[in-house]
Amino acid sequence: MAVSNCAPRASPSYLAGKLLKSLPMSPLGVRCVQLQSVFEVALSVDSLAGPGAAALRRLYAFTAGTARCRVGPELSRKYGMEPDNAQLVVSITNKATLEQAWYNEVRTRKPQTFKADAAGLVDPTDGGRMCDFCNWRTLTAEDTWGRIERPHAVTGSNLFKYGEPAHGLVLFKHHNPLSFSREQLKDFLAVSADWFTAAAVVHPDACHPFFIWNCGPRAGASQFHGHGQLMLTALPVPAQARLTQQSELHAQAHPGTSLYHDMVQAHAAVGLARALGQGEDRCWILAHLAPQKDMEVVLLGSSLTSPVFVAALHASLRALVDSLGVQTFNCGILNVPLKQPQLLQQPAGGVESCPAANGLPREARLDDSQGLMLAFSKGMGSDEDVLRLLPSGMEWRPLMARVVSRGKTTSPASDFGCLEVIGHASIGHTDPFLLIQRIDDQLASVQL
Ligand SMILES: [Zn+2]
């Protein structure tokens, strides 16, 4: 299905002054206009130049237009809307994946007529005293080969499975699902990595891992306690199958680049990409232009146990929870690397016998993040130097984490309506330029 770039049909005066200035070129070859909103990106995309802008136009299609209506006096007074009403609506579509988001600043004023208790995320377990997962030793199942355990996290087996042959749980050892340190998240991801490795030994025909983290009932969680789910199946979930297919097609259609390469380049070109690095390891953080749901952050890393991936995911989640008021979110991870089962030893069961994941010594995997470097925003060389570090071509298959807010817990209205469920599009409530600012605030406190 072809998606064409449409020339902007509206140029509100408040944007035009900024966009028409003649500005010098950045190392990326993109005009150094300080873009500040997705609306500015959509209205200026055709005038941007350079390799970053080429990737932006190669991967994303933009439309910008005015939608009009007439508003009567009573309605105008009630909602503060102009009688002769014109609203700028922008769409952004990923041409490879067809992911699509629609933005309209006016929607931030949309009333919500359904009312709910303002208590937010409610703990039904009396602060953990009635929590199954706080009592994980007796009130969670374990896999036939045992559990993986670290100081801050432990695995179990899902008691009500929808995946086979392996469907596990990963639990923080503390109760509050919104309060987790980087150290706790590191253990949460490390036991998950070891679970995938152990499950692959027992089920060598299952080679499709998927990491699922639902926080809060609105996001699909059935328990308050912070936890995720781990699937290892012979059949990939559709998102994984599509990602594999689309990345291959994109690389074939555009030799010399890749879907992931273009995603980083496109977001870097408009100021929506950041990177963390340590040695050869990298994690790219993108405030997604075409989010699946509100405030989507896409992270491209190397493994669940990479210190820079852990630091980047922690900074992104803390930005959502601490700075943007998110109390319910989904975090899914695709392209999880899986060690070849034939290279592994059969575990005898239990914690100590599980092989280390990803082939790295335990000490290396658990190393702290000293020496982390920030890029795009803080000196790790020029943007051009940083982008040169991107692996290119079809060989690069980065771990891809996707984090989305699931809306206001105080609103009973679902954030998934027909547009999302049937139309497979989404509404961009929060501008990704605001999101990247909040992530920057978190990255500023990452210890170097
Ligand atoms: Zn608990």
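Residues numbered from 1 in each chain as written. Predicted model: local features only at pLDDT ≥ 70, side-chain atom pairs only at ≥ 80, totals over all residues.

As a further point, take the overall build of the protein. Scanning the protein from terminus to terminus reveals 13 helices and 15 strands. For the protein, buried positions account for 44% of its 448 residues. (Helix = DSSP H or I, 4+ residues; strand = E, 2+ residues; numbered from the N terminus. Buried ≥ 20, exposed ≤ 12 C-beta atoms within 10 Å, placed from the backbone.)

On to the sheet that holds strand β3 (residues 100-103). Here we have four strands laid out as an open sheet, ordered β1-β2-β3-β15, and mixed in their pairing. Each of the sheet's edge strands pairs with one partner strand only, and the pair in question is β1 (60-70) and β15 (426-427). (Pairing = 2+ DSSP bridges.)

The first and last C-alpha atoms of helix α6 (residues 182-202) sit 30 Å apart over 21 residues, in line with the 30 Å expected at 1.5 Å per residue. For α6, the tally of buried residues reaches 16 of 21 residues, placing the bulk of the element in the interior. (Expected span 1.5 Å × (residues − 1).)

Turning our attention to the nonpolar core. Membership of the largest hydrophobic core comes to 106 residues, with the highest contact counts inside it found for A42, L56, C283, I285, L286, L299 and A312. The leading source of residues in this core is α6, at 11 residues. When residues of this core are assigned to domains, at least three fall in each of domain 1 (13-109) and domain 2 (136-443). Not counting residues within four places of it along the chain, the set of residues in contact with L286 comprises M263, V264, H267, L272, A273, V297 and V298. (Core = buried A, V, L, I, M, F, W, Y, C linked by C-beta atoms within 7 Å. Domains from an automatic or database assignment. Contact = placed C-beta atoms within 7 Å.)

When a strand is regular, its side chains alternate between the sheet's two faces. In terms of residue burial, strand β10 (residues 281-287) counts as a mostly covered element, since six of its seven residues are buried. Pairing between strand β9 (residues 273-278) and β10: six bridges, direction antiparallel. Looking across to β10, one finds that Q278 is bridged to D281. Between β9 and β10, which pair antiparallel and follow one another directly, the connecting turn spans two residues, one of which, G279, has a positive phi of 60°. Bridge count between β10 and strand β11 (residues 297-301): four bridges; the pairing is antiparallel. Each bridged residue has a counterpart across the sheet, and for I285 the counterpart in β11 is L299.

Let us now look at the packing of helix α9 (residues 307-323) against helix α13 (residues 432-443). Relative orientation of the contacting elements α9 and α13 amounts to 115°, with a least axis distance of 8 Å. Between α9 and α13, the angle is such that the two are roughly perpendicular. When the axes of α9 and α13 are compared, the crossing they make is right-handed. Residues A315, S316, R318, A319 and S323 of α9 form the contact with α13, whose own contacting residues are R438, I439, D441, Q442 and L443. Taken together, the residues of the contact of α9 with α13 break down into four nonpolar, three polar and three charged. (Axes fitted to C-alpha atoms, helices over the stretch in contact; angles between N-to-C directions. Parallel < 35°, antiparallel > 145°, perpendicular 65-115°, else oblique. Left-handed = near helix turned anticlockwise from the far one by under 90°. Nonpolar A, V, L, I, M, F, W, Y, C, P; charged D, E, K, R; others polar.)

Our next topic: helix α3 (residues 51-59). Along an α-helix, residues three or four apart share an orientation, since each turn contains 3.6 residues. Those residues of α3 not exposed but buried are G52, A53, A55, L56 and L59. In an axial view of α3, the angular spread of the buried residues amounts to 160°, which keeps them on one side of the axis. (Arc of directions from axis to C-beta.)

This part takes up the environment of T125. Tracing the backbone through its elements, the reader meets T125 in the loop between β3 and α5 (136-139). Residue classification places T125 among the partly exposed positions, given that 15 C-beta atoms sit within 10 Å. Filtering out sequence-adjacent residues up to four positions away, T125 remains in contact with M130, C131 and F224.

We now examine the confidence of the model for the protein. Residues shown with low pLDDT carry predicted positions that ought not to be read at fine detail. For the protein, per-residue confidence averages 83 on the pLDDT scale, and residues scoring 70 or more make up 78% of the total. The low-confidence segment residues 1-32 (pLDDT under 50) makes 64 contacts with residues lying over four places distant or belonging to another chain. In the predicted structure, residues 377-381 sits below a pLDDT of 50 and forms eight contacts with residues beyond four places in sequence or in another chain. (pLDDT = per-residue confidence, 0-100.)

So, about unusual backbone geometry. The amide bond that connects E164 to the next residue, P165, takes the cis arrangement and shows omega of 10°. Take P165: it is sitting in strand β6 (residues 165-172). Not every positive phi belongs to a glycine, and D126 is a case in point at roughly 55°. Of note, D126 is situated in the loop between β3 and α5. Take D126: there are 8 C-beta atoms within 10 Å of it, and that puts it in the exposed class.

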